[in-house]
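A closer look at the structure
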Amino acid sequence: GAGVSQSPSNKVTEKGKDVELRCDPISGHTALYWYRQSLGQGLEFLIYFQGNSAPDKSGLPSDRFSAERTGGSVSTLTIQRTQQEDSAVYLCASSLDSSYNQPQHFGDGTRLSIL
Amino acid sequence: AQRVTQPEKLLSVFKGAPVELKCNYSYSGSPELFWYVQYSRQRLQLLLRHISRESIKGFTADLNKGETSFHLKKPFAQEEDSAMYYCALGSGGGADGLTFGKGTHLIIQP
């Protein structure tokens, strides 16, 4: 079956521009996670959605970052006024629910490069 | 705050030799520990989790709360084990996401 789908796979943009990253989770998965992986670093948790709701947005790096999820399915991560330190691979994962009994299934990620 | 440390960025062993990838964590509560693996040109995927006490592809990992460790072991390495391995910590419920280590690149030499 189809896994987690992320688009675009690569994005190169100039500093100061806004970017929107998309995640299409596995059908029926209620939990959705965004992570960021900077060069040479582990994955950094950004935000979690249960259905359309994100109970805690404190993991987002700055107020330039926002995320939403509509219809309990597709999620978008938006970065406004991008900075060079935003360059990273952004990974999305989904799971049946948020319990640790359910594995997180990852997408291929979006590689974001800020010039 | 929770933290996961994987002290080896790169580990190279010969085929048939034992493998141990180290993982130490810092967390004051009751941890949930996982190993994720990323093979070349594939997605990150769950390898095993401590709550299942399972062996996957010959790998095992035991949670040692006294040493705050969750080392991944395999008695006889195979070439197809070459990959990036990430140790991850779950704390306080799935809504907090997972805290990942920086990963260990395992290379199995023929």
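The structure reproduced in this document is the subject of the present report. What you see is a predicted model, and the numbers here were worked out from it, not measured in a lab.

Attention now moves to the nonpolar core. Residues and elements named next belong to chain B. Of all hydrophobic cores here, the largest spans 24 residues; its most connected members are Trp-35, Leu-72 and Tyr-85. Counting residues per element, the ones that place at least two in this core are β2 (10-14), β3 (19-21), β5 (32-38), β6 (45-49), β9 (83-90) and β11 (104-109). A per-element tally of this core places β9 first, with 4 residues. Not counting chain neighbours up to four residues away, the residues in contact with Leu-72 comprise Val-19, Glu-20, Leu-21, Trp-35, Leu-47, Leu-48, Phe-59, Thr-60, Ala-61 and Tyr-85.

All right, on to the side chain of Asp-81 of chain B then. Residues and elements named next belong to chain B. Mapping Asp-81 onto the fold places it in the loop between β8 (72-74) and β9. Residue classification places Asp-81 among the buried positions, given a relative accessible area of 3%. At 2.8 Å, the side chain of Asp-81 and the backbone nitrogen of Gln-78 are in polar contact. When sequence neighbours within four positions are dropped, the list of residues in contact with Asp-81 reads Phe-59, Lys-74, Leu-106 and Ile-108.

With that settled, consider the interface of chain B and chain A. The interface is formed by 21 residues belonging to chain B together with 20 residues belonging to chain A. Across the interface of chain B and chain A, roughly 1,800 Å² is buried in total on both sides, 54% from carbon and sulfur atoms. Summed over the shared surface of chain B and chain A, the number is 1 salt bridge. Note that Arg-43 of chain B is salt-bridged to Asp-108 of chain A, the shortest N-O span being 2.9 Å. Across the chain B-chain A interface, the total number found is 7 residue pairs in polar contact (both at pLDDT 80 or more). The set of elements that each furnish at least two residues to the side of chain B that touches chain A consists of β5, β6, β9 and β10 (98-100) of chain B. Top contributing element to the side of chain B that touches chain A by residue count: β5 of chain B, with 3 residues.

The next point concerns the sheet that holds strand β7 (residues 60-61) of chain B. Residue and element names in this part refer to chain B. Pairing is antiparallel in the open sheet, where 3 strands are placed in the order β3-β8-β7. Pairing within the sheet leaves two strands with one partner each, and these edge strands are β3 and β7. Looking at chain direction, β7 and β8 are connected through 2 bridges and run antiparallel. From the neighbouring strand, Ala-61 faces β8, where its bridge partner is Leu-72.

What counts and how
- Residues numbered from 1 in each chain as written.
- Chains lettered and ligands numbered in written order.
- Predicted model: local features only at pLDDT ≥ 70, side-chain atom pairs only at ≥ 80, totals over all residues.
- Heavy atoms only, no water.
- Core = buried A, V, L, I, M, F, W, Y, C linked by side-chain atoms within 4.5 Å.
- Buried < 20%, exposed > 50% of the residue type's maximum accessible area, 1.4 Å probe, protein only.
- Helix = DSSP H or I, 4+ residues; strand = E, 2+ residues; numbered from the N terminus.
- Contact = heavy atoms within 4.5 Å.
- Polar contact = N/O pair within 3.5 Å; in protein donor to acceptor, adjacent residues only side chain to side chain.
- Buried area = accessible area lost by both parts, 1.4 Å probe.
- Salt bridge = Lys/Arg side-chain N within 4 Å of Asp/Glu carboxyl O.
- Pairing = 2+ DSSP bridges.

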